[in-house]
Amino acid sequence: MKQTIKIRCELLLLLSLFISSSLAFQSDELLIEEEDLGSEGGFPDLAHIRSSSSPPPTRKRYSESDQDSKIQFSLEHAFGDSDFSPAGIFNARLKTWNHGAQTLTKLRFSRNDFSEVEKEKFQNLLKGDDFYRIRLASNVLSSPSPGREYVISSVKARCLPRESLDEHFVIHMEGVNILAVNYGAPGACPHPRQLKLPAKWSFKSHTVLKNSEQAPRAPVFSEDILGETAEGEVVPPPERSFWAKYWMYLIPLGLIVMNAITQAMNMPEEQGGGQAQQPGAAVQRGPTPAVRRR
Amino acid sequence: MAMAIRVFLLSLLFLSFTDHSFSLYEDQAGLMDWHQQYIGKVKHAVFHTQKTGKKRVVVSTEENVLASLDLRHGQIFWRRVLGANDAIDGVDIVLGKYVITLSSEGSILRAWSLPDGQMVWESFLQGSKPSKSLLSIPINLTVDKDNVILVFGKGCLHAVSSIDGVVLWKKDFSAESIEVQQIIQPLGNDKIYVVGFVGSSQFDVYQINAKNGELIKHTSAAFPDGFFGEVLSVSSDMLVSLDSTKSILVTINFQNGEISFKKTHISEFVEDHSGIVDILPSKLSGVFAVKINTLLVFIRVTAEGVLEVVDKINNAAAVSDALSFSEGQQAFALVEHVDGKVLLTLKCSHDWNNDLLKESVEVGHQRGLVHKVFINNYIRTDRSYGFRALIVMEDYSLLLLQQGATVWSREEGLASIVDVTVSELPVEKAGVSVAKVEQNLFEWLKGHILKLKGTLMLASSEDIAAIQGMRLKSSEKSKMTRDHNGFRKLLILLTRAGKLYALHTGDGRVVWSLLLPSLRKSGSCEHPTGLSVYQWQVPHHHAMDENPSVLVVGQCGPNSDASAVLSFVDTYTGKELNSLGLVHSVAQIIPLPFTDSTEQRLHLLVDTNKHAHLYPRTSEAIDIFQREFSNIYWYSVEADNGIIRGHVLNRNCIDEVVDEFCFDSRELWSIVFPSESEKIIATVTRKLNEVVHTQAKVVADQDVTYKYISKNLLFVATATPKASGEIGTATPEEASLVVYLINTVTGRILHRMAHYGSQGPVHAVFSENWVVYHYFNLRAHRYEMSVIEIYDQSRADNKDVWKLVFGKHNLTSPISLFSRPEVIVKSQSYYFTHSVKTIAVTSTAKGITSKQLLIGTIGDQVLALDKRYLDPRRSVNPTQAEREEGIIPLTDSLPIIPQSYVTHALKVENLRGIVTVPAKLESTTLAFAYGVDLFLTRMAPSRTYDSLTEDFSYALLLITIVALIAAIFVTWVLSERKELQDKWR
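Being a predicted model, the structure only gives us computed values, none of them experimental.

The rules behind each value
- Residues numbered from 1 in each chain as written.
- Chains lettered and ligands numbered in written order.
- Predicted model: local features only at pLDDT ≥ 70, side-chain atom pairs only at ≥ 80, totals over all residues.
- Heavy atoms only, no water.
- Contact = heavy atoms within 4.5 Å.
- Salt bridge = Lys/Arg side-chain N within 4 Å of Asp/Glu carboxyl O.
- Polar contact = N/O pair within 3.5 Å; in protein donor to acceptor, adjacent residues only side chain to side chain.
- Helix = DSSP H or I, 4+ residues; strand = E, 2+ residues; numbered from the N terminus.
- Nonpolar A, V, L, I, M, F, W, Y, C, P; charged D, E, K, R; others polar.
- Pairing = 2+ DSSP bridges.
- Buried < 20%, exposed > 50% of the residue type's maximum accessible area, 1.4 Å probe, protein only.
- Axes fitted to C-alpha atoms, helices over the stretch in contact; angles between N-to-C directions.

1. A few points about the interface of chain B and chain A
On the side of chain A, 53 residues touch chain B, which itself brings 53 residues to the contact. Between chain B and chain A we count 3 salt bridges in total. The shortest N-O distance in the salt bridge between Glu 149 of chain A and Arg 645 of chain B comes to 3.8 Å. For the interface between chain B and chain A, the tally reads 18 residue pairs in polar contact (both at pLDDT 80 or more). At the level of secondary structure, the elements contributing two or more residues to the side of chain B that touches chain A comprise helix 1 (2-19), strand 48 (643-652), strand 49 (662-672), strand 55 (749-756), strand 59 (823-832) and helix 7 (954-984) of chain B. Considered class by class, the residues forming the side of chain B that touches chain A number 24 nonpolar, 14 polar and 15 charged. Both strand 11 (residues 213-214) of chain A and strand 55 of chain B contribute to a ladder of 2 bridges, which runs parallel.

Okay, here's the thing in structure tokens:
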């Protein structure tokens, strides 16, 4: 009990800080397109968070403020065909904008380490080159109900182990709804997947929150803009090298030169051969023009 | 400013170079293309054979086409295609010169000029309540010397002037709770009877003055047993209906405003009357027909309302309406099937035993049963009455029967194509007879001399006509063998009627057709529908002695959980090789990229329970399949729930029966679109058989980028639910369109992009590494087309030549989709003037030729648009290097160049789809557009750079060569002589 109160105090402090700061520059704050959050930073005190929170896998909502509120939602995992079980908690701030839209910011993730049983299951997955699956509820606010839809993602278990277990989440959000979660290794997963056990049975998690970006608009032209750009186009074309400019002349020239050289080389030989043949030819043709001269 | 003009001129010059890649000269029309016009399955037919003029029949069809056909030859005089939501409910002819159509559930009445099909007038009839729509044209009813058309629709009765379509009077029945069934106008009477049911057990008659629409009398009577279905009017004051138990016939007499019912039990006529009982809607005057299972019972109604059986006929196919052909004489046609022939009997309504006509006609066994029959009379040369019948068959074809023979037939099934695939023709067997060549030698020479004349501009006008005729009739293109260029193929078309057609690409003739027995109505399969057709077996190794075959997939019933039917058809002979009635349903069909030793392609059929079934069911297939077992992934789209799921095979099905060809699936990933903000409106993937020549794309400055080419990409477009209706129902603020590129193996969203203020309908095409899609921008009030191109960054650092030389590149390493993708996406939007019905892209054999988009426009034409216009790298001022690469300066809208209409002057009415088929010649592709009409052409998106054109004069070349050789000899001899003379000098 004491612990939770302490946490609350901390939270309040943090919150008040956050509110004040957010109020200061709220007007011109842009929608955050892509946030790379909760990388290794959250990792060292993972154990602490686990021991302190270790909550049931439900979401709690603290509504200390109208503007922002803190929410939690849990990550669940499954080994091959098994059922889903809790695997970690996402903590985030729910930000309510002036126009009523809500977005998640400041996402933090605390991952539960594998228990012995889970380790064994995971090793089985590694041996069988099977899928490790995770899921999140599709709406972070809705209360847990049986008919709720989950977004599921999976990866071949052999993609995860490096020194530790490296994982990478991309959570696609639309307001408070999670459209999809893409789960996998942070880098490549080369194709002939080798069986490799991780050196450390702990997770290195990276999380990216993604919102949809706006499509480029069709370009709009008006007369004067076209004129301006045309005017601005007066800059001379970049100077090209001599070779780039005149290669089409140089190559034939080179060929001609080479041809001339080979001919020049052959000339003396031919003359020798020619002279050897000349008598025969002369016999056939009769007197040569030189001889014919009167 | 001068610079601007220069830039403009330069770009114009550039455009003029690029744009003529597809356009043809006037005399080339019909050389490489063919066009066929159809009308669809006929619903109503009205004959117009009176007096002088052309004999014609006006028909309306299920494709919403109104057409006037030549009764002698079956050609179309004129044809009008109404909109998709404008179904025709009734057709008639008034004043001998107007065709009247009632459409859109009785709310639009139009008059068309009979000779040429011009619309004369159109009137919109207002009404509030959806109801049955009835069109009735009384013969002798006039109001102010104006013939009146009575129309009931949307709960109102209108009397409309036939001259100008003005509503003369209107009587609203929507306040009353009556469900109007019939409008009866007795001859020589100014009264109109509107009869109908209130609830199911009360019968009402309204007597209305035909002159002004005033209600004269309203009577009603209760019938406690209740009615079932509709009423049929037997005579001007007598109606017949069924009671709610469907075992009693009720005759309703409403003479003089008094309603009386008379019940007759069906068992009085037939012993066994369990089963389906129906009153046929044919108007036979005094007689009506009841169908009890397969037995057709004709029952006469006497003036007192007593029913007496006239005849019982088993397995009759169709009955026409009665036709009055002389004073008081009425006849109707009855069609039966007797030993594979159609037996047409014309009965006289009053004198049953006297058949006016009894003819047996052979119509061909591939047409199925007769569905409808319409009759018309004429006066024979011997002054007796003759009859002709227009029949609509099970395969939707239309035939005219007269004097015991088929006068003409139209294959109207081709107006409702469901799916298209292609088959190669047989390989030409060696040994062409010499005699044939010799016989044609003279012709050949003559042709070439003509062509030579044409090229040298010496040809007279007759010669030019002869050349043109020769080119059009060239027998080369309609041969039944494979050609070197791969232009000759068979198009295999599956139609809605369950008939399979093979059309020759050369001239569009039907090579064979097959009414699939497995897609015909039967006891086990009540409502069979054809779904799709796939290439099942394409022999390459045994191309000489094995025939290719196709797989036709259908299902028994309109819902996807109905059991599936498979049928295998030989594409050379058109015979069904085998058919399977399956126990499971079919939700998805996945042709796998594996073939067995007989070159049968493996197909995976996924049912609604997410079980995958492998076909063919052979042990060899299962062996091949097990090898690739872990590499088979698929996805399913649940558009209603807004969920896309990815699946992988798991293990054999666990069922009562062990089935080693059935596999369980496991869900790998899912994407859930929030139902309040996004609704899936379009999903597109790449074509499975598309060939990509190279992954690398050389861009300006000798740089290279790598296309992200994956067969497992899915394009999804979602729109806000509010904005998924028609354009104009949502404001720009509440509409948005989000597009996704999804990897279907891992479920990764590779790209996601929102178009705010835009809405569907979205038409998209996916090819290589790009998607082009078309949608409506509400803010700009215009249609837009956007392009997304996706490039692979993981291979981008392979540009170093030394890396390639020393083998330090990753170009040959296998790609795993489980790696984190490194892609960059480029996109750009452009305005496009047209709204679009469908988009396709050209495909060539090796994928080298540049691509063109084929856009099916709202005007039912096909427009070819170079893909380069939809390049996201277009900029306002491309650099010199970019210009050399072929990048077009940026414009805000895409050009529509009239010459680039592939369909030139023709229209493909109700265009539904465009299919492109690569020819063997790399530069060329065949484009087939289908709707109500069919159109096929040959296109060369980058011109035919790899072959000479067809009208290239080989003779001229030959003659030139011969002349040159002769000249060489002559000059040689001359020079010899000169030299000799010189020597003697």
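2. Quick word on the pairing of strand 61 (residues 852-857) of chain B
Residues and elements named next belong to chain B. Counted residue by residue, strand 61 has 6 buried out of 6 residues, so it is predominantly covered. Burial along strand 61 is two-sided: Gln 852, Leu 854 and Gly 856 and Leu 853, Ile 855 and Thr 857, pointing in opposite directions, are all buried. Alignment of strand 60 (residues 836-841) against strand 61, held across 5 bridges, turns out to be antiparallel. Of the residues in strand 61, the one forming a bridge with Thr 838 is Gly 856. Bridge count for strand 61 against strand 62 (residues 862-866) is 5 bridges, and the pairing is antiparallel. What sits directly across from Leu 854, in strand 62, is Ala 864. Following strand 61, the chain reverses through 4 residues before pairing antiparallel with strand 62; Asp 860 in that reversal takes a positive phi of roughly 60 degrees.

3. Overview of the sheet that holds strand 8 (residues 108-113) of chain B
Residue and element names in this part refer to chain B. Spatially, 6-7-8-9 is the arrangement adopted by the 4 strands of the open sheet, whose pairing is antiparallel. Two strands close off the open sheet at either side, each with one partner strand: strand 6 (88-94) and strand 9 (119-124). Here the average twist between neighbouring strands, direction ignored, is 15 degrees. In the sheet, strand 7 (residues 98-103) pairs with strand 8 via 6 bridges, with the strands oriented antiparallel. Bridge pairing links Leu 102 to Leu 109 in strand 8.

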